[in-house]
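Each chain is listed here by its residues.
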Amino acid sequence: MQVPAIFQILIVFAGILVLHRMGMMLGLSLFVGALAIDLWAGRGVSGTLADLGVALSRPDLWLLVAVIALILELGRFMASEHNAAIVTATARRLGGRHGRAVSVMTLPAVIGLVPMPGGALFSAPLVAQAVREDTWSSEWKSAVNYWFRHVWEYWWPLYPVVILTLSIFTLEIWQFMAAMLPFSLATVLSGYLFLVRPHLDTLAEDLPPPAAPPPGAAMLALPLVLMIGAALLLPPAFEAAFPGWESSVRKLVAMLVGMVGAVGVILWHEREDPEIRPFQEILQKKSVNILVTLAAVLVFQTLLDCSGLIPLAAEELVSSGIPLVLVVAILPFVAGLVTGIAIGYA
């Protein structure tokens, strides 16, 4: 009995989630699922190995890994104690009497501009330092930290899930950013209304804000400006110069150029500090897990394409009358719910 293509995909997908919930690393679970779906589709051992070779030779896979590795280094720089003090001083200056309210929202948001493994642990002490009293509940401080740290994840092109999505979609970076930006605005507004505004009077302070911008603010912003500028401006230039490149490769090369420039500026700025060990974050277990998972997602995508199940599943969905919009909405929702990370639903 031939199992319908849509059920083959769903069963393998469920198997990946089960393996992950049983303790297997998500990247390894995806890799096992990729091999399983190719074999089940009838590609055979030799065909599956050939498809795996195609997946591992994809330029965008290795470009993606390189970009994320450099982003982890940028995250280490952004989360340093010195730079956190700059953000705090800037927030107080801009917020005036409500400087503390601005700080508790701004600190996790600025640290969240550069995603990193366990990044909420970096910004949590900063939020506690911004409110300065022990009377605030840990639950409230944790909620504020977590909420505002992730307001960018819908569209900010440094997030692994956004980079991965851009490598799959044919949308240009600016189009994707413009489409998703309203979700961040709604998130910031709701976070303010429900988490911060009820405590606005209590957070107000009588201390005068700093009279001048804190030194070092420009250096803090420069790596981000280089990265975003390259991501937005370079793809059209690469399209004109290298018309044979795929859209995903153009985007990732543009991001890589921007990240090399950003990290280069950071290394030059920190060149005389003997206590700083560049690229140490990349060797941490959480960082390795992220890199492996990202690579496994692209391997799974390639083998799924090679299996030929996608067009068959589409035909089955159309003939069954199930609304495609419903399927597209439910699948990533379930994946995100079970895996608990953004890459899981991509």
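Keep in mind the model is a prediction, meaning the values are calculated, not measured.

How each quantity is defined
Residues numbered from 1 in each chain as written. Predicted model: local features only at pLDDT ≥ 70, side-chain atom pairs only at ≥ 80, totals over all residues. Heavy atoms only, no water. Core = buried A, V, L, I, M, F, W, Y, C linked by side-chain atoms within 4.5 Å. Buried < 20%, exposed > 50% of the residue type's maximum accessible area, 1.4 Å probe, protein only. Contact = heavy atoms within 4.5 Å. Salt bridge = Lys/Arg side-chain N within 4 Å of Asp/Glu carboxyl O. pLDDT = per-residue confidence, 0-100. Helix = DSSP H or I, 4+ residues; strand = E, 2+ residues; numbered from the N terminus. Patch = residues over 30% accessible without salt bridge, like charges linked within 9 Å, V, L, I, M, F, W, Y side chains within 5 Å. Areas by Shrake-Rupley, 256 points an atom, 1.4 Å probe, with all protein chains shown as cover. Phe/Tyr/Trp six-rings, centres within 6.5 Å; stacked < 30°, edge-to-face > 60°. Lys NZ or Arg CZ within 6 Å of the ring centre and 35° of its normal.

Trainee: Sorry if this is basic, but what is going on with the nonpolar core here?
Mentor: Note on soluble globular proteins: their nonpolar side chains tend to be buried together. Formed by 93 residues in total, the largest nonpolar core has its most connected members in Leu74, Leu158, Val196 and Met259. Met259 has contacts with Val67, Leu70, Ile71, Leu74, Leu158 and Met227, leaving out every residue within four places of it along the chain.

Trainee: Got a minute to help me understand the pattern of salt bridges in this structure?
Mentor: Two side chains bearing opposite charge may form a pair once their charged atoms approach each other closely. Under the counting rule described, the total for this entry stands at three salt bridges. Here Asp51 and Arg43 are joined by a salt bridge, their closest N and O atoms 2.8 Å apart. A relative accessible area of 5% means that Asp51 is categorised as buried. You can call Arg43 partly exposed: its relative accessible area is 35%. Between Asp60 and Arg58 there is a salt bridge; the shortest N-O distance is 2.6 Å. On the accessibility criterion, Arg58 (15% relative accessible area) is buried.

Trainee: Honestly, the confidence of the model for the protein in this entry has me stumped. Any pointers?
Mentor: As a general rule, the predicted coordinates of low-pLDDT regions are not to be interpreted in detail. Counting all residues, the mean pLDDT for the protein is 82, and 90% of those residues have values of 70 or more. When mean pLDDT is compared element by element in the protein, helix α10 (residues 173-196) scores highest at 94, while helix α7 (residues 119-131) scores lowest at 69.

Trainee: How do you make sense of a nonpolar patch on the surface when you look at a structure like this?
Mentor: A cluster of nonpolar side chains, contributed by Phe7, Leu10, Ile11, Trp40 and Leu331, occupies part of the molecular surface with about 440 Å² of accessible area. Broken down by element, the residue count for the nonpolar patch peaks at three residues, all from helix α1 (residues 5-21). Here Phe7 falls in the partly exposed class, since its relative accessible area comes to 46%.

Trainee: Mind showing me how you'd approach the packing of aromatic side chains here?
Mentor: Ring pairs (aromatic) are described by centroid distance and by the angle formed between their planes. One pass over the full model with this rule turns up eight aromatic pairs. Ring plane angle 50 degrees and centroid distance 6.3 Å describe the contact between Phe238 and Phe242, whose orientation is recorded as tilted. Owing to a relative accessible area of 13%, Phe238 belongs among the buried residues under this scheme. Grouping aromatic residues by their ring pairs yields a cluster made of Trp152, Trp155 and Trp156. Across the ring face of Trp268, the terminal group of Arg271 is positioned such that the distance to the ring centre comes to 4.2 Å.

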